[in-house]
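Structural description and commentary
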Amino acid sequence: MRWKQQIQGMKAYQPGKPIDEVKEMYGLEEVIKLASNENPYGSSPKVKALLQSDATNHAIYPDGYAQNLRTAVANHLQVKENELIFGNGSDDLIAIITRALLYPGVNTVMADPSFSQYGHNAEIEGAEVRKVPLIEGRHNLHAMLEAIDDKTSVVWVCNPNNPTGTIVTDEELKAFLAKVPSDVLIVLDEAYIEYVNDPTYKDTLPYYKQYPNLILLRTFSKAYGLASFRVGYGIAQEEVIAKLDPIRAPFNNTVLGQAVAIVALEDQEFIDFCREENEKGKAQYVAFCEKHNLNYYPSQTNFILFEVKADSNVVFEEMMKRGFIIRSGAALGAPGYIRVTIGTEDQNAKFLLLLEEVLTEQGVFA
Ligand SMILES: *Cc1c(COP(=O)(O)O)cnc(C)c1O
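Notes on the structure follow. The structure presented is a predicted model; accordingly, all values stated were derived computationally and were not measured.

Turning next to the environment of Asn140. Mapping Asn140 onto the fold places it in the loop between strand 4 (128–133) and helix 6 (141–147). The exposure class of Asn140 is buried, given its relative accessible area of 18%. Asn140 sits 29 residues away from Ala111 along the chain, and the two C-alpha atoms are 7.4 Å apart. Those residues within four positions of Asn140 in sequence are excluded, and the remaining contacts are Val132, Pro133 and Ile135.

Another point: the site of the ligand. Of all residues adjacent to the ligand, which total 13 residues, the nearest are Ser90, Tyr192, Thr219, Ser221 and Lys222. Between Asp91 and the ligand, the recorded distance is 2.9 Å, taken from a backbone N or O atom to an oxygen atom. In this structure, Arg230 approaches the ligand through a side-chain N or O atom, which is 2.7 Å from an oxygen atom. Isolated, the ligand exposes 390 Å² of accessible area, and the fraction of that covered by the protein chains is 94%. Here the shell around the ligand takes three residues from helix 4 (residues 89–101), the largest share from any one element.

Moving on to helix 11 (residues 268–292). Across its 25 residues, helix 11 extends 36 Å between first and last C-alpha, which sits within 8% of the 36 Å expected from 1.5 Å per residue. Buried within helix 11 are the following residues: Phe270, Ile271, Cys274, Glu277, Asn278, Gly281, Lys282, Tyr285, Phe288, Cys289 and His292. Buried residues in helix 11 make contact with helix 2 (45–52), strand 9 (303–307), strand 12 (337–341) and helix 13 (345–361). Phi turns positive one or two residues past the end of helix 11, at Asn293, with a value near 60 degrees.

Cis geometry marks the peptide bond from Asn159 to Pro160; its omega dihedral reads 0 degrees. We note that Asn37 has phi near 60 degrees; this positive angle belongs to a residue other than glycine. Within the element layout of this structure, Asn37 appears in the loop between strand 1 (32–33) and helix 2. The residue Glu136 is not glycine, and still its phi comes out positive at about 50 degrees. Position of Glu136 relative to the elements: it lies in the loop between strand 4 and helix 6.

Analysis parameters
- Residues numbered from 1 in each chain as written.
- Predicted model: local features only at pLDDT ≥ 70, side-chain atom pairs only at ≥ 80, totals over all residues.
- Heavy atoms only, no water.
- Helix = DSSP H or I, 4+ residues; strand = E, 2+ residues; numbered from the N terminus.
- Buried < 20%, exposed > 50% of the residue type's maximum accessible area, 1.4 Å probe, protein only.
- Contact = heavy atoms within 4.5 Å.
- Near = heavy atom within 4 Å.
- Polar contact = N/O pair within 3.5 Å; in protein donor to acceptor, adjacent residues only side chain to side chain.
- Areas by Shrake-Rupley, 256 points an atom, 1.4 Å probe, with all protein chains shown as cover.
- Expected span 1.5 Å × (residues − 1).

Put into structure tokens, the structure is as follows:
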């Protein structure tokens, strides 16, 4: 068949290993997944209450315009309803943006390592992918600007960045936004924005009003704890939204997904609780790294990427045998490092005890 040239040999996304698979593989009673930056506290109790009382007729298609969710998000952020686009997770929005703007002959600029889906989608569309190495785990916005030319259609800024957890400061971002050519779409992926507490990161909402070529991406998958429902959204000026909307699949959010996102949004106390607990958990990892002299990136997210001074694939396997699923940095462009989602205090303590054992076995502390 006449497959696109660029998808020859392409591999499907490699997600964190499923819990049940690991339980079975190693005969474990309990397996804890700290691999995909899911919320260890689940989601707002209001979500569970809603699901238990759910009387939806599941034979009926969802509202393709997500009107009620749209109204709720617009009110929450104080933006206009037509400045929002909803996706089946922000992954869907990344694909929509890519389909709308990338094709053979144009290029797209992103940091490396960063979220893999930017490059993956661009490759499917046959566009040239320009990866600009991070400096000390942070976006090199100067070099990214230099990589932009008259064939660039999209530039991606993952803020905070996955997998390093680092941020671009408000000052750096402002300077960057002012210099990117006005015909290049800037995608600011803020999947972890709810976890940020660094004062040099300022509210980015005013910027899309100032820059017609900026879209912000946010999601209910991480701090809101609704990854299984697949709800993400983009915020941009209405002209950008109007261009992207026809690319969107007609019913890309489910009835329940829209409903739970609304109640989750109403429970900001839960988000505050998660942010505070996450800070405490982060401190456990930072203390471990300091104690053992392991390099780590200053994280503004619910995960942390740190050095293990051993083969990260081996550490990944050894931790899996002990009931913890994490991500090997080797798979994320950071060999010698592991990326761990910050769990509950108990999960973190147990994880770090076992990690100490594994690293001792690997001769790291010899
Ligand atoms: C998890 C993640 C996403 C995808 O989130 P969904 O809304 O679940 O599709 C997007 N960007 C980054 C940087 C992420 O880490």
